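# What the coordinates show
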Amino acid sequence: MYGNVIVGQSGGPTAVINSSLAGVFRTAIDRGAKKVYGMRFGIQGLLDEMYVDLSDYIKNELDVEILKRTPSAFLGTCRYKLPAIHENQDIYVKIFEILNKLDIECFIYIGGNDSMDTIKKLSDYAILTGQTQKFVGVPKTIDNDLALTDHTPGYGSAAKYIATSTKEIIRDGNGFSYKKPLVTIIEIMGRNAGWLTGAAALAKGEDCEGVDLIYLPEVPFDTEAFIEEINKLLKVKNTVFVAISEGIRLQDGTYVSEAGGGSDYVDAFGHKQLTGSATYLANLVNHKVGCKTRAVEFSSLQRSASHLASRVDINEAFMVGGAAVKAADEGDSGKMVVIDRVSDDPYQSATGVYDVHKIANGEKLVPRNWINENGTYVTEDFIDYVRPLIQGDYPCVMVNGLPRHLYLKADEV
Ligand code: F6P
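Below or above, wherever it landed, is the structure these notes cover. In this text, all values refer to a predicted model and were calculated from it rather than measured experimentally. (Residues numbered from 1 in each chain as written. Predicted model: local features only at pLDDT ≥ 70, side-chain atom pairs only at ≥ 80, totals over all residues. Heavy atoms only, no water.)

### A look at the site of the ligand
- The environment of the ligand is made up of Arg79, Ile142, Asp143, Met189, Gly190, Arg191, Glu246 and Arg303.
- In this structure, Asp143 approaches the ligand through a side-chain N or O atom, which is 2.6 Å from an oxygen atom.
- One of the side-chain N or O atoms of Arg303 is found 2.7 Å from an oxygen atom in the ligand.
- Surface burial for the ligand is 78%, taken as the share of its 400 Å² of free accessible area covered by protein chains.
- Tallied by class, the residues present in the shell around the ligand amount to 2 nonpolar, 1 polar and 5 charged. (Near = heavy atom within 4 Å. Polar contact = N/O pair within 3.5 Å; in protein donor to acceptor, adjacent residues only side chain to side chain. Areas by Shrake-Rupley, 256 points an atom, 1.4 Å probe, with all protein chains shown as cover. Nonpolar A, V, L, I, M, F, W, Y, C, P; charged D, E, K, R; others polar.)

Printed below as a string of structure tokens:
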């Protein structure tokens, strides 16, 4: 490698996003990068010339190991949409001035479908203006909704947290089951894709009955049918557990979270903040069925629980970070690294690279035939797909009884 590497993190964080950062750093150093810069707060921070030299923070092997176990974006993240090239060339001129000043050869961006839009636009601009930098994306999102990759780093760990916490919630509720009906609604992230919510099915096993109903955004939500299902279940059992996606929508497209008041906040990519569906439905059951209810929103816990990260996920996150640097160093640009599943048992995966134009801004949904006919549970195929991804653990480095994290202060540049 003749020049330097710059890496950024973008979009919603995950428990393993920093494992990818560690993979980028390690491979860049191994391949002879003189400097590995980290953008503070993604491309938005870079535009304000906010970056750090990662060698100032990752000084030895222990730091690499701690970084792999540190949840949420070490460098800071953003939800920032670059304008179309023809709309505002000045922004591109500014970014490339900074990249040239720092002698950047490889630009690596760790993110989801919206973040891949940044890789797409920057690589297009580089070609258009004859610049030599290479731009490669590293997949990341708990939502698991990126096209052309078997799955995304971050999904396995969030799925493991969801399945584990769901088991614990079921234990908690069942402890009160004697003559006391209780309906618990668990709200899970994932926006318009039900991959994460479906992972609640993993709670079921020889020591747990599992959740009774699972509602994904891929199937329109019917409120009356839902109340009917609850009534039916309460005739045969006292505790009912329901997993719902934050993004479930009524037949007319309205988010259930909006019916409950929700939030008016919309991000740069036009995504509404989805919150409050569980509370809305719990109140509805309370009112229509007349029993005790509880609403649980996993919210940011499900994407930051590094104490429960999956070993498969941490290792793959590290692997895709390294693969992106290798690809860029070997001349790829406008590409994203993908994970190919080689085998299920034993589980094995490998990396490849794909044209980012086919990935950016898209959404991979759960196939309809992986959801049961009436849209209230996932099928065995779904469960077989996700189970390998939650395997193994990656114990935290504990100091004074708590996990140790690698830490960068908010204003450090
Ligand atoms: O993009 C991943 C994600 O975690 C989604 O599942 C969720 O809808 C969204 O981020 C929440 O974003 P924010 O933290 O910006 O509100």
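From this point, the discussion proceeds with the structure in view.
### So, the pairing of strand S10 (residues 335-344)
- Bridge count between strand S5 (residues 134-139) and S10: 2 bridges; the pairing is parallel. Its bridge partner lying in S10, Val136 is registered against Lys335.
- In terms of strand pairing, S10 meets strand S11 (residues 347-355) through 9 bridges, oriented antiparallel. If you follow Asp340 over to S11, its bridge partner there is Ala350. (Pairing = 2+ DSSP bridges. Helix = DSSP H or I, 4+ residues; strand = E, 2+ residues; numbered from the N terminus.)

### A few points about the sheet that holds S11
- Ordered in space as S3-S2-S1-S4-S5-S10-S11, the 7 strands form an open sheet in which the pairing is mixed. The open sheet is flanked by strand S3 (51-53) and S11, the only strands paired with a single partner. Neighbour to neighbour, the strand axes of the sheet diverge by 25° on average, direction disregarded.
- With 6 bridges joining them, strand S1 (residues 4-9) and strand S4 (residues 104-111) adopt parallel strand pairing. Bridge assignment links Ile6 to a residue of S4, and that residue is Phe107.
- Sheet strands touched by helix H12 (residues 311-329): S4, S5, S10 and S11. Its angle to S11, the strand with the most contacts, is close to 35°. (Axes fitted to C-alpha atoms, helices over the stretch in contact; angles between N-to-C directions. Contact = heavy atoms within 4.5 Å.)

### Things to note about the environment of Lys180
- By secondary structure assignment, the location of Lys180 is in the loop between helix H6 (155-174) and strand S6 (182-188).
- Here Lys180 falls in the partly exposed class, since its relative accessible area comes to 40%.
- With 57 residues separating them along the chain, Lys180 and Lys237 place their C-alpha atoms 9.8 Å apart.
- In this structure Lys180 touches Asn238 and Lys292, once residues within four positions along its chain are discounted. (Buried < 20%, exposed > 50% of the residue type's maximum accessible area, 1.4 Å probe, protein only.)

### What about the sheet that holds strand S7 (residues 213-215)?
- Strand order in this open sheet of 4 strands is S7-S8-S6-S9, and the pairing throughout is parallel. Two strands close off the open sheet at either side, each with one partner strand: S7 and strand S9 (292-297). Direction aside, neighbouring strands of the sheet carry axes that sit 15° apart on average.
- Of the strand pairs in this sheet, S6 and strand S8 (residues 239-245) are connected by 7 bridges, and their pairing is parallel. Bridge pairing in S8 places Thr184 opposite Phe241.

### Re the side chain of Asp145
- Summarising the element assignment, Asp145 is placed in the loop between S5 and H6.
- It turns out Asp145 is buried and unbridged, and the closest side chain with the opposite charge, Arg191, is 5.7 Å from it.
- Excluding its chain neighbours within four sequence positions, the residues that come into contact with Asp145 are Asn113, Ala193, Trp195, Gly362, Glu363 and Lys364. (Lys, Arg positive; Asp, Glu negative; His and termini not counted. Salt bridge = Lys/Arg side-chain N within 4 Å of Asp/Glu carboxyl O.)

### Here's the deal with helix H10 (residues 277-289)
- If you check H10, its first and last C-alpha atoms are 17 Å apart, about what 13 residues at 1.5 Å a residue would give, namely 18 Å.
- For H10, every residue scored as buried is listed here: Ser277, Ala278, Leu281, Ala282, Leu284 and Val285. One side of H10 carries all its buried residues, which in axial view fall inside an arc of 160°.
- Buried residues along H10 sit against S6, helix H8 (223-236), S8, helix H9 (256-259) and S9.
- Just downstream of H10, Gly290 is the residue with a positive phi angle, here 80°. (Expected span 1.5 Å × (residues − 1). Arc of directions from axis to C-beta.)

### As for the packing of H8 against H10
- Where H8 meets H10, the closest approach of the two axes is 11 Å, and the angle between their N-to-C directions is 65°. Where H8 crosses over H10, the two elements pack in a sense that is right-handed. Residues Thr223, Phe226, Ile227, Ile230, Asn231 and Leu234 of H8 form the contact with H10, whose own contacting residues are Leu281, Leu284, Val285, Lys288 and Val289.
- Of the residues that constitute the contact of H8 with H10, the class distribution is 8 nonpolar, 2 polar and 1 charged. (Left-handed = near helix turned anticlockwise from the far one by under 90°.)

### Some thoughts on unusual backbone geometry
- Note the cis peptide between Asp345 and Pro346, where omega equals 5°.
- With respect to the element layout, Pro346 can be found in the loop between S10 and S11.
- Positioned with a positive phi, Glu49 is a non-glycine residue whose angle comes to about 60°.
- With respect to the helices and strands, the residue Glu49 is situated in the loop between helix H2 (42-47) and S3.
- The class for Glu49 is partly exposed, based on a relative accessible area of 36%.
- The backbone of Asn144 sits at a positive phi, close to 60°, despite the residue not being glycine.
- Following the sequence through the fold, Asn144 ends up in the loop between S5 and H6.

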